[in-house]
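# Structural overview for review
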Amino acid sequence: MSDLKAISIPGAEIYYDEHFLPLEEATELFNALLSKCAWERRQASFGHAVPRDEAYYGDPGTHYTYSRREYKPILWIPELLSLKTCVEEATPVAAYSNSGLPRLGYNAVLCNLYRDGNDSVGLHADAEPEMGTVIASISLGADRFFRIRRKDGSVAFSEHLPNGSLLIMAGDTQRNFKHEVPKEPGITQPRINLTFRRIEHK
């Protein structure tokens, strides 16, 4: 039973459960995905490598482009498919109904592997036209800082997301805020983050 709580931030709709997966289950899943996912370090603009490894899984037709990088889905692996079902069941009805959306669930997941504290993701919003407004994020492995900033740069939410935690962003969160996982050079252990989303081409 999920203990998902709404986080009160004006202009955002965020739900958080720091103990969504039992610790043992989260660690087993981390180890399985570390070895099974088709991890790839992509090239960013200007020839630099993206500072994390990625693997993208989803239903057929869930391709999208982000920052000039094209993401084409690999067929689901069982671990991700069963986790998707758990996350869909935990996602509050309000995450959809507050925005007048049908509760259609997720059809893709972007997996990010941060090999240590030198890997990161810069300040951004998941606001591509194909991407739905409800995004569910599972963290596995090492705790890492996750920060949400307002447009003026001030911090609205900053937490170390622990192994097995679930954070859901919905409503106008992507429109009004950006988020990041900053570098933390002191961290030597890897972290996997899974962001479930719904991709629809109009």
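Look above for the structure.
What you see is a predicted model, and the numbers here were worked out from it, not measured in a lab.

### A few points about the sheet that holds strand β8 (residues 135-141)
If you walk across this open sheet you meet the seven strands as β1-β2-β11-β8-β13-β6-β3, and the pairing is antiparallel. On the outer flanks of this sheet lie β1 (5-7) and β3 (53-58), each paired with one strand and no other. Averaged over all neighbouring strand pairs, the angle between strand axes comes to 20°, with direction disregarded. Looking at chain direction, β8 and strand β13 (residues 191-197) are connected through six bridges and run antiparallel. Bridge pairing in β13 links Ser137 to Thr195. Each of β3, β6 (108-114), β8, β11 (165-170) and β13 touches helix α2 (residues 78-90); the most contacted strand, β13, lies at about 60° to it.

### A closer look at the pattern of salt bridges
Throughout the structure, instances matching the rule amount to 13 salt bridges. Residue Glu54 is joined to Arg52 by a salt bridge in which the shortest nitrogen-to-oxygen separation is 3.7 Å. With respect to burial, Glu54 and Arg52 carry one shared label: buried. The salt bridge partner of Asp53 is Arg115, with a shortest N-O separation of 2.7 Å. With a gap of 62 residues between them, Asp53 in strand β3 and Arg115 in the loop between β6 and β7 (121-124) connect regions that are remote in the sequence. Residue classification places Asp53 among the buried residues on the basis of a relative accessible area of 6%. What emerges from the salt-bridge pattern is a single network uniting Arg41, Asp53, Arg115 and Asp119.

Procedures and definitions
Residues numbered from 1 in each chain as written. Predicted model: local features only at pLDDT ≥ 70, side-chain atom pairs only at ≥ 80, totals over all residues. Heavy atoms only, no water. Pairing = 2+ DSSP bridges. Helix = DSSP H or I, 4+ residues; strand = E, 2+ residues; numbered from the N terminus. Axes fitted to C-alpha atoms, helices over the stretch in contact; angles between N-to-C directions. Contact = heavy atoms within 4.5 Å. Salt bridge = Lys/Arg side-chain N within 4 Å of Asp/Glu carboxyl O. Buried < 20%, exposed > 50% of the residue type's maximum accessible area, 1.4 Å probe, protein only.

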